[in-house]
Amino acid sequence: MHSLPVILVLTVLTVFLTSPAQVIGYRPYPPKTNGSDQIFDASKKFEGSSNLVRLRYHMGPVLTNNITVHPIWYGTWQKSQKKIIREFINSISAVGSKRPSVSGWWKTVQLYTDQTGSNITGTVRLGAEKNDRFYSHGKSLTRLSIQSVIKSAVGSRSRPLPVNPKSGLYLLLTADDVYVQDFCGQVCGFHYFTFPSIVGFTLPYAWVGNSAKLCPGVCAYPFAVPEYIPGLKPVKSPNGDVGVDGMISVIAHEIAELATNPLVNAWYAGPDPVAPVEIADLCEGIYGTGGGGSYTGQMLNDHSGATYNVNGIRRRYLIQWLWSHVVSYCTGPNALD
């Protein structure tokens, strides 16, 4: 007869492996429909009104302690690519950035509280990093093997990542020659938490892939566009790297949702905690004022013609808006300034 801990582990694994959604995923592309008017048609794609959305708090923990993001660079990465992503993470808590700013965008996340009334932290730091340049688990990863990559990073004999269940976020970033289960077809990134039976700890984590070679029209939109929308032109990426600039919005999406729903029992809408609708899902595809449906909203252009909507410390980025439960609609950067 199995002990209770073993039964619980097996139950969690069964849900994880058999659920249609399995983990919380995100795609930034305009949806594929048969008509000329592209509209959101999936259960996780809501926009607009509180009449349609009831985002609720389910009493689980949120990240009120200062957040430390630990990137795991899986595969071959250029120094310039790492720099773009590092500077975005460092911009989340930066003060003095030109408006509209990344830090202004994060203020929507800070509105969310736990059951004691404590707000999510305004401090997000870049922590220790780990390089897995030799593809330790191959170039094709499953959802469970992703957790094995994280296990290798925190259990490494040489400079292991620190284990920080309360305020650490583990960000697995796969290079453009790595395929992950459901990548391009269903998701461009997802978040969940590690299983103690695999990793030894319960750690909030996210995976985001570089789609430059596999599916830029799906996961690097609007810097690349899908073939099923003829005539739609891509916009110029702000940092000159379509794959990495496309990753930035997915990274922002996942970090915001990890902060508000790290163990999938805090802030979400809908009846199913296995496939919840979270604060970034509610604003999927909205990057500026007037956004909705297939329209991204009003964005900005720099002197070179590159498109962006937020300023970081030294760079510009394009990231999606977030749902504010206070006003019950999507809010952009500096909306609370």
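Residues numbered from 1 in each chain as written. Predicted model: local features only at pLDDT ≥ 70, side-chain atom pairs only at ≥ 80, totals over all residues. Heavy atoms only, no water.

Looking at an unreviewed UniProt entry, one finds the chain named EXORDIUM like 3 and attributed to Arabidopsis arenosa. Checking UniProt for the chain, the heading Subcellular location (unreviewed entry) contains the comment "Secreted, Extracellular space, Apoplast". The UniProt entry for the chain carries the following text under Sequence similarities (unreviewed entry): "Belongs to the EXORDIUM family." (UniProt positions renumbered as here; feature names shortened; annotations may be inferred.)

What follows covers the overall build of the chain. A count of helical and extended segments in the chain gives six helices and 17 strands. For the chain, the residues scored as buried account for 55% of the 337 residues in total. Contacts in the chain between residues far apart in sequence, at least 24 positions, make up 74% of those at least 6 positions apart. Looking at the chain as shown, the accessible area adds up to about 14,300 Å², and 54% of this sits on carbon and sulfur atoms. (Helix = DSSP H or I, 4+ residues; strand = E, 2+ residues; numbered from the N terminus. Buried < 20%, exposed > 50% of the residue type's maximum accessible area, 1.4 Å probe, protein only. Contact = heavy atoms within 4.5 Å. Areas by Shrake-Rupley, 256 points an atom, 1.4 Å probe, with all protein chains shown as cover.)

Now for helix H2 (residues 79–91). Spanning 13 residues, H2 covers 18 Å between terminal C-alpha atoms, matching the ideal 18 Å at 1.5 Å per step. For H2, the complete set of buried residues consists of Gln81, Lys82, Ile84, Ile85, Glu87, Phe88, Ile89 and Ser91. (Expected span 1.5 Å × (residues − 1).)

As a further point, take the pairing of strand S3 (residues 67–74). The element S3 is extensively covered by neighbouring structure, given that eight of its eight residues are classed as buried. By the alternation rule, side chains of S3 split into Ile67, Val69, Pro71 and Trp73 and Thr68, His70, Ile72 and Tyr74, which are all buried. With three bridges joining them, S3 and strand S4 (residues 124–126) adopt parallel strand pairing. Each bridged residue has a counterpart across the sheet, and for valine 69 the counterpart in S4 is leucine 126. Relative to strand S7 (residues 168–174), S3 runs parallel, the two sharing seven bridges. Counted as the bridge partner of valine 69 is leucine 169 from S7. (Pairing = 2+ DSSP bridges.)

A few words on the nonpolar core. Counting residues in each nonpolar core, the largest one holds 83 residues, and the members touching the most others are Ile85, Phe88, Trp106, Ile146, Leu173 and Ile251. Per element, the largest residue contribution to this core is ten residues, and it comes from helix H6 (residues 242–260). Among all residues touching isoleucine 146, those that are not within four sequence positions of it are Leu141, Leu172, Val180, Phe190, Tyr205 and Trp207. (Core = buried A, V, L, I, M, F, W, Y, C linked by side-chain atoms within 4.5 Å.)

Right, let's get into the environment of tryptophan 207. Examined against the element boundaries, tryptophan 207 turns out to sit in strand S10 (residues 204–209). For tryptophan 207, a relative accessible area of 0% translates into the label buried. Apart from the residues within four sequence positions on either side, tryptophan 207 is in contact with Ile146, Leu172, Thr174, Val180, Phe183, Val187, Cys188, Gly189 and Phe190. A polar contact is formed between the side chain of tryptophan 207 and the side chain of threonine 174, at a distance of 2.9 Å. (Polar contact = N/O pair within 3.5 Å; in protein donor to acceptor, adjacent residues only side chain to side chain.)

Take the state of the cysteines next. In protein chemistry, a disulfide is the covalent bond that joins the sulfur atoms of two cysteines. Tallied over the full model, the rule gives three disulfides. Note on cysteine connectivity: cysteine 188 is disulfide-linked to cysteine 219, with sulfurs 2.0 Å apart. Residues cysteine 188 and cysteine 219 are joined by a disulfide whose S-S torsion is about -80°; by sign, that bridge is left-handed. Here cysteine 188, found in the loop between strand S8 (179–180) and strand S9 (189–193), pairs with cysteine 219, found in helix H5 (residues 216–219); they are 31 residues apart in sequence, far enough to count as distant. Considered together, cysteine 188 and cysteine 219 belong to a single accessibility category, that of buried residues. Here cysteine 283 engages in a disulfide with cysteine 330; their sulfurs sit 2.1 Å apart. As the torsion about the S-S bond is roughly -105°, the cysteine 283-cysteine 330 disulfide counts as left-handed. Placement of cysteine 283 in the loop between strand S11 (267–268) and strand S12 (300–301) and of cysteine 330 in strand S17 (residues 329–331) is noted, with a sequence separation of 47 residues between them. Each member of the pair, cysteine 283 as well as cysteine 330, carries the same accessibility label: buried. Sequential numbering of the bridged cysteines in the chain gives the disulfide pattern 1-3, 2-4, 5-6. (Disulfide = S-S within 2.5 Å.)

Our focus in this paragraph is the packing of aromatic side chains. Evaluated as defined, the whole model comprises eleven aromatic pairs. When the ring of phenylalanine 193 is compared with that of phenylalanine 195, the centres are 6.1 Å apart and the planes differ by 75°; the resulting orientation is edge-to-face. You'll find phenylalanine 193 and phenylalanine 195 in the same group, each marked buried. We note lysine 139 situated over the ring of tyrosine 135; from NZ or CZ to the ring centre the distance is 4.7 Å. (Phe/Tyr/Trp six-rings, centres within 6.5 Å; stacked < 30°, edge-to-face > 60°. Lys NZ or Arg CZ within 6 Å of the ring centre and 35° of its normal.)

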